[in-house]
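Residue-level listing of the chains:
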Amino acid sequence: QVQFVESGGDLVQPGESLRLSCAASGFTFSVYSMAWYRQDPGKERELVATIIPSGARPNYADSVKGRFTISRDNAKSTIYLQMNSLKSEDTAVYYCNAFNPATRAPRYYNDWGQGTQVTVSA
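Residues numbered from 1 in each chain as written. Predicted model: local features only at pLDDT ≥ 70, side-chain atom pairs only at ≥ 80, totals over all residues. Heavy atoms only, no water.

*Asks:* What is the right way to read the nonpolar core from this model?
*Replies:* Phe4, Phe27, Met34, Trp36, Leu81, Met83 and Tyr94 are the most contacted members of the largest nonpolar core, which totals 29 residues. Mapped onto this core, the elements with two or more residues apiece are strand 3 (18-25), strand 4 (33-39), strand 5 (46-51), strand 7 (68-73), strand 8 (78-83), strand 9 (92-100) and strand 11 (116-120). (Core = buried A, V, L, I, M, F, W, Y, C linked by side-chain atoms within 4.5 Å. Buried < 20%, exposed > 50% of the residue type's maximum accessible area, 1.4 Å probe, protein only. Helix = DSSP H or I, 4+ residues; strand = E, 2+ residues; numbered from the N terminus.)

*Asks:* Looking at this structure, how should I read the side chain of Arg72?
*Replies:* Residue placement: Arg72 occurs in strand 7. The buried charged residue Arg72 lacks any salt bridge partner; its closest oppositely charged side chain belongs to Asp73, at an N-O distance of 8.3 Å. At 2.9 Å, the side chain of Arg72 forms a polar contact with the backbone oxygen of Phe29. At 3.1 Å, the side chain of Arg72 forms a polar contact with the backbone oxygen of Ile52. Setting aside chain neighbours within four positions, we find Arg72 in contact with Phe29, Ser30, Tyr32, Ser33, Met34, Ile51, Ile52, Pro53, Gly55, Thr78 and Ile79. (Lys, Arg positive; Asp, Glu negative; His and termini not counted. Salt bridge = Lys/Arg side-chain N within 4 Å of Asp/Glu carboxyl O. Polar contact = N/O pair within 3.5 Å; in protein donor to acceptor, adjacent residues only side chain to side chain. Contact = heavy atoms within 4.5 Å.)

*Asks:* Explain the pairing of strand 1 (residues 3-7) to me, please; I cannot follow it from the model alone.
*Replies:* Successive residues of a regular strand alternate their side chains across the two faces of the sheet. Where burial is concerned, the two faces of strand 1 differ: the one with Phe4 and Glu6 is buried and the one with Gln3, Val5 and Ser7 is not. Judged from the five bridges that link them, strand 1 and strand 3 form a sheet pairing that is antiparallel. Bridge pairing in strand 3 links Glu6 to Cys22. (Pairing = 2+ DSSP bridges.)

*Asks:* What is the right way to read the sheet that holds strand 3 from this model?
*Replies:* Think of a sheet as strands paired side by side through backbone hydrogen bonds, with each pair either parallel or antiparallel. In spatial order, the strands read 1-3-8-7; together these four strands make up an open sheet with antiparallel pairing. Both outer strands of the open sheet, strand 1 and strand 7, are each paired with one neighbouring strand and no more. For this sheet, the mean angle separating the axes of adjacent strands, direction not counted, is 15°. (Axes fitted to C-alpha atoms, helices over the stretch in contact; angles between N-to-C directions.)

*Asks:* Whenever I open this one, the pattern of salt bridges confuses me. Can you help?
*Replies:* Here the idea is simple: oppositely charged side chains can pair when their charged atoms come close. This model, assessed by the stated rule, comprises four salt bridges. As a salt-bridge pair, Asp90 and Arg38 come within 3.0 Å of each other at their nearest N and O atoms. Linking Asp90 in the loop between strand 8 and strand 9 with Arg38 in strand 4, this pair joins segments that are 52 residues apart in sequence. The buried category is assigned to Asp90, whose relative accessible area is 0%. With relative accessibility at 6%, the residue Arg38 sits in the buried group.

*Asks:* Looking at this structure, I do not really get the packing of aromatic side chains. What am I missing?
*Replies:* Geometrically, a pair of aromatic rings is defined through the distance of the ring centres and the angle of the planes. Within this structure, the stated rule accounts for nine aromatic pairs. A ring pair is formed by Phe27 and Tyr108, whose centres lie 5.0 Å apart and whose planes are at 45°; its orientation type is tilted. Residue Phe27 is found in the loop between strand 3 and strand 4, and its partner Tyr108 is found in the loop between strand 10 (105-106) and strand 11; the two are separated by 81 residues along the sequence. You'll find Phe27 and Tyr108 in the same group, each marked buried. Geometrically, the ring pair formed by Tyr95 and Trp112 is edge-to-face, given 6.0 Å between the ring centres and 80° between the ring planes. Residue Tyr95 is found in strand 9, and its partner Trp112 is found in the loop between strand 10 and strand 11; the two are separated by 17 residues along the sequence. Using a relative accessible area of 13% as the deciding quantity, one classes Tyr95 as buried. The partly exposed category is assigned to Trp112, whose relative accessible area is 22%. (Phe/Tyr/Trp six-rings, centres within 6.5 Å; stacked < 30°, edge-to-face > 60°.)

Such coordinate-based values are descriptive only and should not be taken to indicate function.
As C-alpha cells, then:
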C-alpha cells in the first residue's frame, strides 16, 4: 500500500536550518510529482513546495520562497526539503504526498504519514 515516512524535524532557533526527508513506497515514485505540506494545530494543511518527476521547475509557497529548497532522488523514492533561515511561523508538522498538478490536490488524499514536527523557537 501507499506509504510515506517523514523524518528530520527538530526544535531549532530562528535563523537555523533543517533538512527533512520523506521516503515513499507503494506506487511508481519516479513518474509522479511530489509535494511537501505543513499543518499547524487548528489550521488547514498548507502546500509548501512541489516538484515534478524530473526534479526541474520546483514551486514554492510565497511564505517559504527563497528559504526552502525541495529536491528528490528517484533512485531512493525520497524527497527532501532543505529549510534555511527558519522562522517561528514555520513551526508545524510537515508531511509529504504525491501531487496532482491538474487539480493541485494530494494524489493519495487518504494516505498520509505520521509527519515530522518542526518547532522554531528561541
